[in-house]
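What the coordinates show
The chain contents come next:
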Amino acid sequence: MTSISLPLTPRSRGALAWLIVSQLLGVLSLLPWLVIAGLSIMAFDAGFSTEAVLFVGAIWAYPLLPIGCSILAWVWYAKGRMRRAVIATSVPMVIILPLLLYLVYMMAWGSFT
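This write-up is about the structure you can find in this document. From a predicted model like this one, the values you see are computed outputs, not experimental measurements. (Residues numbered from 1 in each chain as written. Predicted model: local features only at pLDDT ≥ 70, side-chain atom pairs only at ≥ 80, totals over all residues. Heavy atoms only, no water.)

**Notes on the packing of aromatic side chains**
The tally for this structure, following the rule as stated, stands at three aromatic pairs. Summarising the aromatic geometry, the rings of Phe44 and Phe48 are spaced 5.7 Å apart at their centres and angled 15° between planes, so their arrangement reads as stacked. Judged by its relative accessible area of 27%, Phe44 is partly exposed. Accessibility expressed as a relative area gives 71% for Phe48, which makes it exposed. (Phe/Tyr/Trp six-rings, centres within 6.5 Å; stacked < 30°, edge-to-face > 60°. Buried < 20%, exposed > 50% of the residue type's maximum accessible area, 1.4 Å probe, protein only.)

As structure tokens, then:
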């Protein structure tokens with residue numbers, strides 16, 4: 001079997017670099033998620049409710065977002081659709097970044113009570 005290698009253009013090098021960096025950040029985001037996912041079970045301390053199930057379900061479903069977007073991004077990168085690949089790999093960060101900024105703000109200037 002022979003393999004065909006396409007030359008990397010500057011555009012595809014930048015897209016490749018962004019795919020790698022953004023997905024490393026996505027993997028790092030799963031570390032705090034492990035703690036939050038474990039603590040989310042405490043939502044059932046007050047009893048079984050629809051709100052608790054939705055809350056825990058939403059938190060436990062989070063890894064599907066970066067994993068699904070990563071798969072989609074690499075498929076589009078392989079097909080040469082750089083713009084779509086970059087957008088797909090950026091979606092999890094666009095969603096999570098405001099939440100992280102809020103947590104940093106609360107830790108620095110707010111108060112957790």
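There's plenty left to go through after this.
**Description of a nonpolar patch on the surface**
A grouping of Trp18, Val21, Leu25, Leu28, Leu31 and Leu34 is seen on the molecular surface, where their side chains present a nonpolar patch of about 560 Å² in accessible area. Leu31 gets classed as exposed once you look at its relative accessible area, which sits at 51%. (Patch = residues over 30% accessible without salt bridge, like charges linked within 9 Å, V, L, I, M, F, W, Y side chains within 5 Å. Areas by Shrake-Rupley, 256 points an atom, 1.4 Å probe, with all protein chains shown as cover. Salt bridge = Lys/Arg side-chain N within 4 Å of Asp/Glu carboxyl O.)

**Some points on the nonpolar core**
One finds Ala15, Leu19, Ala73, Tyr77, Met82, Ala85 and Ala88 forming the largest nonpolar core, which totals seven residues. At the level of elements, α1 (10–40), α3 (64–78) and α4 (82–108) are the ones that each hand at least two residues to this core. Sequence-distant contacts of Ala85, that is, excluding residues within four places in its chain, are made with Leu19, Ala73, Trp76 and Tyr77. Ala37, Ile59, Tyr62 and Ile96 belong to the second largest nonpolar core, which has five residues in total. (Core = buried A, V, L, I, M, F, W, Y, C linked by side-chain atoms within 4.5 Å. Helix = DSSP H or I, 4+ residues; strand = E, 2+ residues; numbered from the N terminus. Contact = heavy atoms within 4.5 Å.)

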